[in-house]
Amino acid sequence: MGPHPAVAAIRLAVRRVLHDVLNDHHRTDRHDGAGRPASDDRAHRATPQEQPAPLVLVACSGGADSMALASALAFEAPKLGVRAGGITVDHNLQAGSGTRAAEVVVRMTALGLAPAEAVAVTVGRAGGPEAAARDARYAALDGAALRHGAAAILLGHTRDDQAETVLLGLARGSGTRSLSGMAAVSGAAGRYRRPFLQLDRQTARKACMVQSLPVWDDPHNADPAYTRSRLRQEGLPALEKALGKGVVEALARTAQLSRDDADALDDWAAEAGRSVRDETGRLECAKLYALPPAVRRRVLRRAVIEVGSPAGSLFARHIEEVDRLITGWRGQGAINLPGRVEAQRQGGRLVIRQG
């Protein structure tokens, strides 16, 4: 008799991602650091003993989603010749957080994950509590990946998380990229992988239950002080009551369709961005004006970020103001942007610089 359907589903999702990680790892082994094929002599000298198995880490909070992910990684990795470890981040935002982090390390170790460690962080205030905690968490995970030489870090975001992300993007009015939600692969060199984006939260919880895996339900997930918590507890249930079941699935499909569109537009904008500059590298307003709005605004956003404006603080309204320097020029002054960046039209050129 096979595993419970929920367990089988999470294991299959992880197995597929591990295959991708292995393929990427082998592709890298066949090339040198500059992306060139390794020399025949180097390839001849290399042996399996000289090429250690890739290490994949799971980011585990102790909640149902990440515990299900940790158990699936521990089960699948040895069968594919992959080393598996786990990292839990202690945000120091709740009493006893250090103790809970230590408990998660014990659980990961019991699953056979090694290394298994807790990393404590200090959460700042920039961007609000949720954004600050996220920034601190990813910084800790990036550090762990570099410290251990990990090929990838698995994250337990589910289809429900994806639906919430799409709705948050819609509320911000941040455009197609924001509506595209979370990518299945993201980060430097594809470091972050999200195997569960096609699985719902209930599947992960069921998998933990049938495997008798202890889970910790973070009280912040039900705290109405947090925007995502209010959306989870009130917003999505209200939408399902008004529109019927299937809202989460529809939002997840919207994310994928939006991501496909946004990727294509970003590629177009990257190419267009080189064609709208003069010989000194300054942006020419007439050439910008000739671009389709969706492409032009991407060119402008990229240019503003390159000068030093933080991407996470740069919203659609900021880019719209800069865009008006191109499409609605009436002699207006400089536009102040996050990160002490300013944009100003001068002599038919758009000048973007640190203020």
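None of the values given here were measured: they were computed from a predicted structure.

## Focus on the pattern of salt bridges
Tallied over the entire structure, the rule returns 25 salt bridges. Notably, a salt bridge pairs Asp 24 with Arg 193, separated by 2.8 Å at the nearest N-O pair. Here Asp 24, found in helix α1 (residues 5-29), pairs with Arg 193, found in strand β6 (residues 192-193); they are 169 residues apart in sequence, far enough to count as distant. Notably, a salt bridge pairs Glu 284 with Arg 349, separated by 4.0 Å at the nearest N-O pair. Highlighted residues: Glu 284 in strand β7 (residues 283-284) and Arg 349 in strand β10 (residues 349-354), separated in sequence by 65 residues. One salt-bridge network, held together by shared partners, links Asp 161, Glu 164, Arg 201, Arg 228 and Arg 232.

## Focus on the packing of helix α10 (residues 247-275) against helix α12 (residues 293-307)
The packing of two helices is summarised by the inter-axis angle and the distance between the axes. It is the contact of α10 with α12, at a shortest axis distance of 8 Å, that shows an interaxial angle of 70 degrees. Judged by the inter-axis angle, α10 sits roughly perpendicular to α12. Taken as a pair, α10 and α12 cross one another with a handedness that is right-handed. Counted together, Ala 262, Leu 265, Asp 266, Trp 268, Ala 269, Ala 270, Ala 272 and Gly 273 of α10 and Ala 294, Val 295, Arg 298, Val 299 and Arg 302 of α12 form the full contact between these two elements. Among the residues making up the contact of α10 with α12, the classes are represented as 9 nonpolar, 1 polar and 3 charged.

## What about helix α3 (residues 64-76)?
In this model, α3 (13 residues) spans 18 Å end to end at C-alpha, consistent with the 18 Å of a helix rising 1.5 Å per residue. In terms of burial, α3 is a largely internal element, 12 of the 13 residues being buried. Buried within α3 are the following residues: Ala 64, Asp 65, Ser 66, Met 67, Ala 68, Leu 69, Ala 70, Ser 71, Ala 72, Leu 73, Ala 74 and Glu 76.

Conventions and cut-offs
- Residues numbered from 1 in each chain as written.
- Predicted model: local features only at pLDDT ≥ 70, side-chain atom pairs only at ≥ 80, totals over all residues.
- Heavy atoms only, no water.
- Salt bridge = Lys/Arg side-chain N within 4 Å of Asp/Glu carboxyl O.
- Helix = DSSP H or I, 4+ residues; strand = E, 2+ residues; numbered from the N terminus.
- Axes fitted to C-alpha atoms, helices over the stretch in contact; angles between N-to-C directions.
- Parallel < 35°, antiparallel > 145°, perpendicular 65-115°, else oblique.
- Left-handed = near helix turned anticlockwise from the far one by under 90°.
- Contact = heavy atoms within 4.5 Å.
- Nonpolar A, V, L, I, M, F, W, Y, C, P; charged D, E, K, R; others polar.
- Expected span 1.5 Å × (residues − 1).
- Buried < 20%, exposed > 50% of the residue type's maximum accessible area, 1.4 Å probe, protein only.

Any link to function would need more than the numbers given here.
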